[in-house]
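If you want the building blocks of each chain, they are given just below.
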Amino acid sequence: MRVSVLQENFHKGLSIVSRAIQSRPSLPILANVMLTTDDARLRLSATNLELGISAWIGAKVETGGSITVPARTLQDLISTLPPERVDLDLDVRTLTLHLSCAGKSANIKGMDAAEFPAMPDFNPEQAIVLKARTFKEMVDQVVFSAAKEDNRPILTGVLMRFEGDVLTLAAADGYRLSVRTTELEFNAGEREPLIVPARTLQELSRVISDEDDELQIALPKGRGQAMFSLSNVVMVSQLIEGKFPDYEAIIPRRYETSILAYTDDLLAACRSSEVFAKDSANTARILIEPSGVPTVPGRVVVAGQSQEKGDAEAPLDASIEGQAIEVAFNIRYLIDVLSVIREEQVVLETSGPTSPGVVRPAGRDDFIHVIMPMSTAR
């Protein structure tokens, strides 16, 4: 194998595929990245057997071939090189990759590419196509609600459901729920719901760039996998087996009190209160006080308290419908959801201190977030 690539492209490709490499891989080969020539491109691949990522970069290929080399070593080396041409030359006999760039040279000992786990090819014929930026926004608005611990593995995933021309993503960890929908440009038919590991979608969201117009999703039959294809990147992920909870039963259908506030104002109030609330299991009180006069805005106070350090109250004006009420939420959870709402105003609905709260962007019905209340010792 004899190939030339640009340092910038090589470094970017390695940073993408290295997301699939674990810090302590179960097999030595899984610490490696595979380099394979593919026409006038160089394919970089990495996997941890649950998530696999391939990225293609432009290359001048004199001689084809493939090799796997330690990913961290290669990435660290490439990051030290100037933004110029990098020449790669493989000694097949010793499985050593020679690199040269701007007078600098290095030799990296590799392993036979035949030992690397097979990476399936993406088949676009059965793929579902949607806008990449829309999917990125959907992922960002739900993935943080997935469980971080694997006590209930099903909750570490994100439900992906295709129903006709509607795609739904949902994630829950037992304390909060995020649901986001979007209309597809075509009818995808009725398909079995999928549960994709939240980490897969997080990494996919990070990889999607402004240059990516379309995302293709393929579901190879009988493999228990989902594949995601961008312009120069393909991800393949194992799916989580099991039945996702009936999230629709969790969403409240009525409320006693509703507030309409500016998203930035409410987010700033939450962040101020978090300084003290984090010492009290992130518990913050939300005091909702209608003005009683239709033309006068009501008042919302977000309060955090620490027994050792003190307390803080952050008031803001809001349009309030309903009665005065006080509830307590995990302030970290409120910050998480408010941080992914792009609309200028946000709605918070509640029916009391023991009822779930609902957060959603004002004027939109394609995103809803449910947050369970917390008890406060008075």
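Reading the values: the criteria
Residues numbered from 1 in each chain as written. Predicted model: local features only at pLDDT ≥ 70, side-chain atom pairs only at ≥ 80, totals over all residues. Heavy atoms only, no water. Helix = DSSP H or I, 4+ residues; strand = E, 2+ residues; numbered from the N terminus. Contact = heavy atoms within 4.5 Å. Areas by Shrake-Rupley, 256 points an atom, 1.4 Å probe, with all protein chains shown as cover. Lys, Arg positive; Asp, Glu negative; His and termini not counted. Charge placed at Lys NZ, Arg CZ, Asp CG, Glu CD. Patch = residues over 30% accessible without salt bridge, like charges linked within 9 Å, V, L, I, M, F, W, Y side chains within 5 Å. Salt bridge = Lys/Arg side-chain N within 4 Å of Asp/Glu carboxyl O. Core = buried A, V, L, I, M, F, W, Y, C linked by side-chain atoms within 4.5 Å. Buried < 20%, exposed > 50% of the residue type's maximum accessible area, 1.4 Å probe, protein only. Axes fitted to C-alpha atoms, helices over the stretch in contact; angles between N-to-C directions. Left-handed = near helix turned anticlockwise from the far one by under 90°. Nonpolar A, V, L, I, M, F, W, Y, C, P; charged D, E, K, R; others polar. Phe/Tyr/Trp six-rings, centres within 6.5 Å; stacked < 30°, edge-to-face > 60°. Lys NZ or Arg CZ within 6 Å of the ring centre and 35° of its normal. 1 Å grid on protein atoms, 1.4 Å probe; cavity = no way out; pocket = protein on both sides within 12 Å on 5 of 7 lines; lining within 4 Å. Points joined across faces, edges and corners; volume = space filled by probe spheres on them. Pairing = 2+ DSSP bridges.

Asker: Explain the overall build of the chain here, please?
Answerer: Across its full length, the chain carries six helices and 25 strands. Summarising its shape, the C-alpha atoms of the chain cover approximately 80 × 50 × 40 Å along the three principal directions. Considering only intrachain contacts with a sequence separation of at least 6, the fraction spanning at least 24 residues in the chain is 68%. For the chain, the accessible area works out to roughly 18,500 Å², and carbon and sulfur atoms hold 46% of it. When the 38 basic and 52 acidic side-chain charges of the chain are each reduced to a single mean position, those positions are 4 Å apart.

Asker: I keep staring at a negative patch on the surface and nothing clicks. Help me out?
Answerer: A contiguous patch of negative charge on the surface is contributed by D264, D265, D317 and E344. Among the secondary structure elements, E344 is positioned in the loop between α6 (331-338) and β23 (345-350).

Asker: Looking at this structure, I do not really get the nonpolar core. What am I missing?
Answerer: As a rule of thumb, soluble globular proteins bury nonpolar side chains together. Grouped together as the largest cluster of nonpolar side chains are 63 residues, with contacts concentrated most on F10, L35, L74, F135, M160 and F228. Sorting elements by how many residues they give to this core places helix α3 (residues 132-142) first, with five residues. Those residues in contact with F10, other than ones at most four positions away along the chain, are V5, L35, L42, L44, I57, L74, I78, V86 and L88.

Asker: Even after reading the chapter, I still don't get the packing of helix α1 (residues 7-17) against helix α2 (residues 71-79), so can you show me in this structure?
Answerer: Packed helices, taken two at a time, are described by the angle between their axes plus the distance between the axes. Where α1 meets α2, the closest approach of the two axes is 10 Å, and the angle between their N-to-C directions is 145 degrees. Our pair here, α1 against α2, has a crossing hand that is left-handed. Along the contact surface, α1 presents Q7, F10, H11, L14 and S15, while α2 presents L74, Q75, I78 and S79. Per-class residue counts for the contact of α1 with α2 are four nonpolar, five polar and no charged.

Asker: Could you clarify how one ought to interpret the packing of aromatic side chains in this entry?
Answerer: Describing an aromatic ring pair means giving the distance of the ring centres and the angle of the ring planes. Inspection of the entire model under this criterion finds one aromatic pair. Across the ring face of Y333, the terminal group of R176 is positioned such that the distance to the ring centre comes to 3.9 Å.

Asker: Honestly, the layout of surface pockets in this entry has me stumped. Any pointers?
Answerer: Rolled over the atoms, a probe sized like a water molecule indicates the empty space that remains. Quantified by volume, the largest pocket comes out at close to 760 Å³. Taken together, 29 residues make up the lining of the largest pocket; nearest its centre are R191, E192, P193, L194 and L219. Counting residues per element, the ones that place at least two in the lining of the largest pocket are β11 (157-163), β14 (194-197) and β16 (225-229). Tallied by class, residues from the lining of the largest pocket come to 14 nonpolar, six polar and nine charged.

Asker: Which parts of the structure should I look at to understand the pattern of salt bridges?
Answerer: Side chains bearing opposite charge may pair, as long as their charged atoms lie close to each other. With the rule as written, the count across this model stands at 24 salt bridges. Where E274 meets R332, a salt bridge forms, and the shortest distance between an N and an O atom there is 3.0 Å. Of the two residues, E274 is situated in helix α5 (residues 263-277) and R332 in helix α6; the sequence distance between them amounts to 58 residues. Owing to a relative accessible area of 31%, R332 belongs among the partly exposed residues under this scheme.

Asker: Teacher, can you tell me more about the side chain of S273 here?
Answerer: Along the chain, the position of S273 falls in helix α5. For S273, the contacting residues outside a window of four places in its chain are V302, A303, G304, A312 and A314.

Asker: Explain the environment of P361 to me, please; I cannot follow it from the model alone.
Answerer: Here P361 shows up in strand β24 (residues 357-361). Excluding residues that lie within four positions of it along the chain, P361 makes contacts with I341, E343, Q345 and F367.

Asker: I keep staring at the environment of M34 and nothing clicks. Help me out?
Answerer: Position of M34 among the secondary structure elements: in strand β2 (residues 32-38). Remark: the alpha-carbon pair of M34 and A71, spanning 37 residues in sequence, is separated by 8.5 Å. When neighbours within four sequence positions are excluded, M34 is seen to be in contact with R43, L44, S45, I67, T68, A113 and F116.

Asker: Explain the sheet that holds strand β8 (residues 96-101) to me, please; I cannot follow it from the model alone.
Answerer: Backbone-to-backbone hydrogen bonds join strands into a sheet, with any given pair of strands oriented parallel or antiparallel. Spatially, five strands are ordered β5-β1-β7-β8-β9 in an open sheet, and the strand pairing comes out antiparallel. Whereas interior strands pair on both sides, the edge strands pair on one side only; in this sheet they are β5 (60-63) and β9 (104-109). Across this sheet, the average inter-strand angle for adjacent strands is 20 degrees, counted without regard to direction. One ladder, built from five bridges, connects strand β7 (residues 85-91) with β8; its direction is antiparallel. Looking across to β8, one finds that L90 is bridged to L97. Against the sheet, α1 touches β1 (2-6) and β7, its axis set at about 90 degrees to β1.

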